[in-house]
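Observations on chain architecture
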Amino acid sequence: MAAGALPPGWAPAFAAVPRSAFLPDLMWPFDMAAGRSVPVSKTDAPDRWWECADGADMPIVTQWDDGTHTGPEPGQTPTSSASMPSVVFRMLQDLDLHPGHKALEIGTATGWNAALMAHRTGPGNVVTMEVDATVAAAARATAERLGLPVRVVHGDGARGFPEAAPYDRIIATCGLRALPYAWVEQCRPGGVIVAPWGTDYGNGDAVARLVVAPDGRSACGRFTGPVEFMKLRAQRAAHPVHSPYVTGSVADGDETSTTIAEAEFVGDRFAPQRFVLGLRVPRCHQVIDEKSDGGRPVWLYAMTDQSWACVWFRDGQAARVWQSGPRRLWDEAAAAYRWWEENGRPGPERFGLTVTAEGQSVWLDEPGCSWSV
């Protein structure tokens, strides 16, 4: 609360619904200092388990590799988790949930978020959907064990749950690349939809807070800040495989150079330019390699064809650039970066999203300045 992460209105729910009640005995908190997930067992290290479960603002992985992973060591890909409490309550604050509201959650995971919502809205008002049958069953069992008035549905959240519609509020706890129009149809006019949304450029998202129009045919609103979520399974994108793009040497591409510095172009994990580059260079994926001998290659791969670009950033020197294919990806990225600078280096909070039956568009400051994504 002192840091502003827990709004006062949500303090009773936080106190009544502890995250620890929803976590498995073996879990993988994300160690912020080490930058990786580490196993913590309630049996072997109970003090550490309780500290991570209820005393730390950290995300906790609860499933790897869609449930095929076994053993205490982390798997390849995290596929279900309990989010950082600060992120959970920031998004719940955006949702503006009140007693009596009917709410749909997409992405049940442990069930903690749905339980917080149910504490706020009252019995029988929260439906939560989970695409993974095992995860859904575990969340349902937890809700029954704790006597929580939450309906857990196993199904594809991309379709929503029309059986209980219309809803006053819809929230997604998974990252999106396209917000399903079914959610707009199932949310009442004036209702609120909150969801992490991003582009193919990277794994980062920004929280979109949309309000359904009076005629119920669209939803529109601003982004409230950067986040990063596991993606809706129906919208997962495979990472590009390098070899089909660069079949020989990087020197086979057309070479130029750039004065844009690495820190300016890449930024940190939640740098606003990454969000903007994803908007302005659509259907493109960025890969940032490890730094070695004072240099770092940054790759751009088109998801529409085999176009690629490589920028070799080197300390104290102009970066070398190679690109190949029908799309000149570096040219697009450099133009996008200049656009970002010319428009005052906007962060996600200056952008908004509009969703209609025809598709979705992003706009800067006002809906009139928009482009399809």
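Above this text sits the structure in question.
In this text the structure is predicted, and so the values were computed from the model without any measurement.

1. Focus: the environment of Asp-315
Structurally, Asp-315 is set in the loop between strand E16 (308-314) and strand E17 (317-324). As for Asp-315 and Ala-261, which are separated by 54 residues in sequence, their C-alpha atoms are 8.9 Å apart. Sequence-distant contacts of Asp-315, defined by excluding residues within four places in its chain, comprise Lys-291 and Gly-294. At 3.0 Å, the side chain of Asp-315 forms a polar contact with the side chain of Lys-291.

2. Topic: the nonpolar core
Counting residues in each nonpolar core, the largest one holds 59 residues, and the members touching the most others are Leu-179, Trp-183, Ile-193, Trp-197, Phe-265, Trp-330 and Phe-351. The biggest single contributor to this core is helix H10 (residues 329-342), with 8 residues. Counting 30 residues, the second-largest nonpolar core is a separate cluster that includes Phe-22, Val-88, Val-152 and Phe-229.

3. Let's talk about unusual backbone geometry
Cis geometry is found at the peptide bond from Ala-165 to Pro-166, where omega equals 5°. If you trace the backbone, Pro-166 turns up in the loop between strand E8 (150-154) and strand E9 (167-172). In this structure, Asp-66 takes a positive phi of about 55° despite not being glycine. If you trace the backbone, Asp-66 turns up in the loop between strand E4 (60-64) and strand E5 (78-82). The exposure class of Asp-66 is partly exposed, given its relative accessible area of 33%. If you check the backbone angles, Ala-109 has positive phi at about 55° while not being a glycine. Structurally, Ala-109 can be placed in the loop between strand E6 (103-106) and helix H4 (112-121).

4. Overview of the sheet that holds E16
Pairing within the open sheet is antiparallel, and its 5 strands lie in the order E13-E17-E16-E15-E14. This sheet does not close on itself; its edge strands, each paired only once, are strand E13 (254-258) and strand E14 (284-288). Each strand of the sheet is rotated relative to its neighbour by a mean of 20°, with strand direction disregarded. Where strand E15 (residues 295-302) lies against E16, 7 bridges are found, and the strand directions are antiparallel. Paired with Val-298 across the two strands is Val-311, which belongs to E16.

Criteria and cut-off values
- Residues numbered from 1 in each chain as written.
- Predicted model: local features only at pLDDT ≥ 70, side-chain atom pairs only at ≥ 80, totals over all residues.
- Heavy atoms only, no water.
- Helix = DSSP H or I, 4+ residues; strand = E, 2+ residues; numbered from the N terminus.
- Contact = heavy atoms within 4.5 Å.
- Polar contact = N/O pair within 3.5 Å; in protein donor to acceptor, adjacent residues only side chain to side chain.
- Core = buried A, V, L, I, M, F, W, Y, C linked by side-chain atoms within 4.5 Å.
- Buried < 20%, exposed > 50% of the residue type's maximum accessible area, 1.4 Å probe, protein only.
- Pairing = 2+ DSSP bridges.
- Axes fitted to C-alpha atoms, helices over the stretch in contact; angles between N-to-C directions.

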